[in-house]
Amino acid sequence: MKEGKYRHLLALVLLFCLVVSLNGKPNKKLYLSVNFNNCTLCNLSIKAYLSDWDPKIPITFIADEGNLTNAQLKAFSEAELGLKFNEYLVDSKLYQKLNFGNENSKFPVLSLEINDTLKLGFQLNELPNYLETIKGIMLHNEVIVQKVQIPRIRSFPGRFDLAIEGNKLFLLSWIKNDRIYIQNLKDKSLDSIYLFNNRKLVRSCLNVLGKTNLKEDEIIETFNAYPIPMKMFNFRNLQANEFGIGCALDFFFFDPNDTSEILSTEWGHFYFKKLKNESSFKLDLLSFDSVYQTHSNSLPLLPDYQTYIPLNDSLLLIGLKQKPENDTIYKVKRTIGVYNINKKQLEETGIRNFIIEPAIDFNGVDAINQPNILFDYFVSGNLFYTRTSPMVSLNGETFNLSSLIPGISWIHILKPISETPLVEGYIIRNGNLQYVVVDLKKSNMIWHHDLGKQDYSSNIALDKSSIFWLNKKKELVKITFQN
């Protein structure tokens, strides 16, 4: 009996140790591999790429030379490179493992190993592309959670669109969408953009819509005379990217000269944006109904009034529906067009086709190519994705995130890492918010950081090392990785 009890106790101890091991922090290591048979100048380039390296991120300097010692490797590093690494190692077996696929590399190779598994390896001259991701993975251990009260919006029901630029947070309520709130993240002040009965703006909108015979004062008076459940100007689809923020602006009005028994609201659709090099918002009065008529008949296009994204100083990405040449076929597919604001025309060479086949959502339903189903779609660099589908397109090639990230059920935000096959972002996986980095080409999950169950009443906005969203109490939640 005693022996049985001891065995049982030993088993519990072993099980406890296993649980501690599994639930402990992952063992992350960064290796710099150098081959002294390679180009001397390439090896000496280490100094240029790592001279400003963050000392909080340890690197092991490793070589594969049978007649080289750890001490000689250390001496080379300090004398020739002027750099000190955390560890020096001469290990042929580990070197070969870390340089698998990079055997003929001229440049030294930087490798990321997590729990003894090689996750990432690239030539050191590619470091500028991978730098922020490497720092993020190596430093993401603990998180700081902050919550900020915004009393002015606390009573608003429903969801918000949220965007961030610098120290300013922009909030758009789906219910009270006649204004955009601006929260200053430094002094906590709250401002708003409100376009109520703006005579100059009404005049400009009427001119663009070809309603030059109508008077702005009569338009405002007639509109205010009827108890309709909307304002004259309403914002929709607040978006943000590296170029700035923007959203659709709807203009609703009545024609005071209309003598019909049933008076119908007319609609003008415009675009409102603020680029990062501008000090204030700018209204681009684009009549999108006329945009599609300027394009070649060889590719007829129909409006898809959903998401418009600022691209740069002169270009705007527009969500479009592509109509088949055979008009008897009613099925349409979504694509992305590039509209030149300065030239006031669609760019023939700018049409980028991001149609995904099959365009299934997380429930296996073809939702993206069904024009009667609304959904949010995004273009970030050369990456196209939606929040509701595991299918993403990178450089025109389609990938299924469900096969890379089992348990994924929602995409909050994704962005490509320039000049690499990597994509990083925030998703919902098994009910939890997770930060993930995946290599689409190699079908490899490089890193994930679990942030637990959260509740949301907005999208997630990303700003450098922090993410923001509104919870159901309408508190602004900020999560920052502790570096």
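Right above here is the structure, for reference.
Here goes a summary of the coordinates provided.

So, how was this worked out
Residues numbered from 1 in each chain as written. Predicted model: local features only at pLDDT ≥ 70, side-chain atom pairs only at ≥ 80, totals over all residues. Heavy atoms only, no water. Phe/Tyr/Trp six-rings, centres within 6.5 Å; stacked < 30°, edge-to-face > 60°. Lys NZ or Arg CZ within 6 Å of the ring centre and 35° of its normal. Axes fitted to C-alpha atoms, helices over the stretch in contact; angles between N-to-C directions. Helix = DSSP H or I, 4+ residues; strand = E, 2+ residues; numbered from the N terminus. Parallel < 35°, antiparallel > 145°, perpendicular 65-115°, else oblique. Contact = heavy atoms within 4.5 Å. Nonpolar A, V, L, I, M, F, W, Y, C, P; charged D, E, K, R; others polar. Core = buried A, V, L, I, M, F, W, Y, C linked by side-chain atoms within 4.5 Å. Buried < 20%, exposed > 50% of the residue type's maximum accessible area, 1.4 Å probe, protein only. Polar contact = N/O pair within 3.5 Å; in protein donor to acceptor, adjacent residues only side chain to side chain. Pairing = 2+ DSSP bridges.

1. Considerations on the packing of aromatic side chains
And step 1. By the definition in use, this model includes 17 aromatic pairs.
And step 2. Ring-pair connections join several aromatic residues into one group, and the members of that group are Phe-61, Phe-85 and Tyr-88.
And step 3. Its guanidinium or amino end placed over the ring of Tyr-194, Arg-179 lies 4.0 Å from that ring's centre, counting from NZ or CZ.

2. A word on the packing of helix α7 (residues 199-208) against helix α8 (residues 216-224)
And step 1. Where α7 contacts α8, the two axes come as close as 9 Å, and the packing angle between them is 105 degrees. Taken together, the axis directions place α7 and α8 in an arrangement best described as roughly perpendicular. In this structure, α7 contributes Arg-199, Val-202, Arg-203 and Leu-206 to the contact, and α8 contributes Glu-216, Asp-217, Ile-219 and Ile-220.
And step 2. Across the contact of α7 with α8, the residue classes tally to four nonpolar, no polar and four charged.

3. Focus on the nonpolar core
And step 1. Counting residues in hydrophobic clusters, the biggest one holds 65 residues, and the most contacted among them are Leu-50 and Phe-61.
And step 2. Considering every element that reaches this core, the biggest residue donor is helix α6 (residues 127-139), with six residues.
And step 3. Among residues more than four places away in sequence, those in contact with Leu-50 are Leu-32, Ile-59, Leu-83, Phe-85, Leu-124 and Leu-127.
And step 4. Counting residues in hydrophobic clusters, the runner-up holds 28 residues, among them Phe-170, Val-202, Ile-219 and Phe-235.

4. Focus: α7
And step 1. Every buried residue of α7 is listed here: Leu-201, Val-202, Arg-203, Cys-205 and Leu-206.
And step 2. Where α7 is buried, its residues touch α8, β11 (233-241), β12 (244-253), β13 (266-275) and β14 (282-284).
And step 3. At the N-terminal boundary of α7, the capping side chain belongs to Asn-198, with an oxygen 3.2 Å from the backbone nitrogen of Lys-200.
And step 4. Positive backbone phi, approximately 80 degrees, marks Gly-210, located one or two places after α7.

5. Structural notes on the sheet that holds strand β23 (residues 408-416)
The pairing of strands in a sheet comes from backbone hydrogen bonds and takes either a parallel or an antiparallel form.
And step 1. Read across the sheet, four strands follow the order β23-β24-β25-β26 without closing on themselves; strand pairing throughout is antiparallel. Pairing within the sheet leaves two strands with one partner each, and these edge strands are β23 and β26 (444-450). Across the sheet, the axes of successive neighbouring strands diverge by a mean angle of 25 degrees, strand direction being ignored.
And step 2. Note: strand β25 (residues 432-439) against β26, six bridges, orientation antiparallel. Residue pairing for β26: Asp-439 is matched across the bridge by Asn-444.

6. Concerning the side chain of Asp-178
And step 1. Structurally, Asp-178 is set in the loop between β8 (168-173) and β9 (179-184).
And step 2. Judged by relative accessible area, which is 4%, Asp-178 ranks as buried.
And step 3. Among the polar contacts made by the side chain of Asp-178, one reaches the side chain of Arg-179 at a distance of 3.1 Å.
And step 4. Ignoring sequence-local partners within four residues, the contact set of Asp-178 consists of Ile-193, Tyr-194, Leu-195, Lys-231, Phe-233, Asn-234 and Phe-235.

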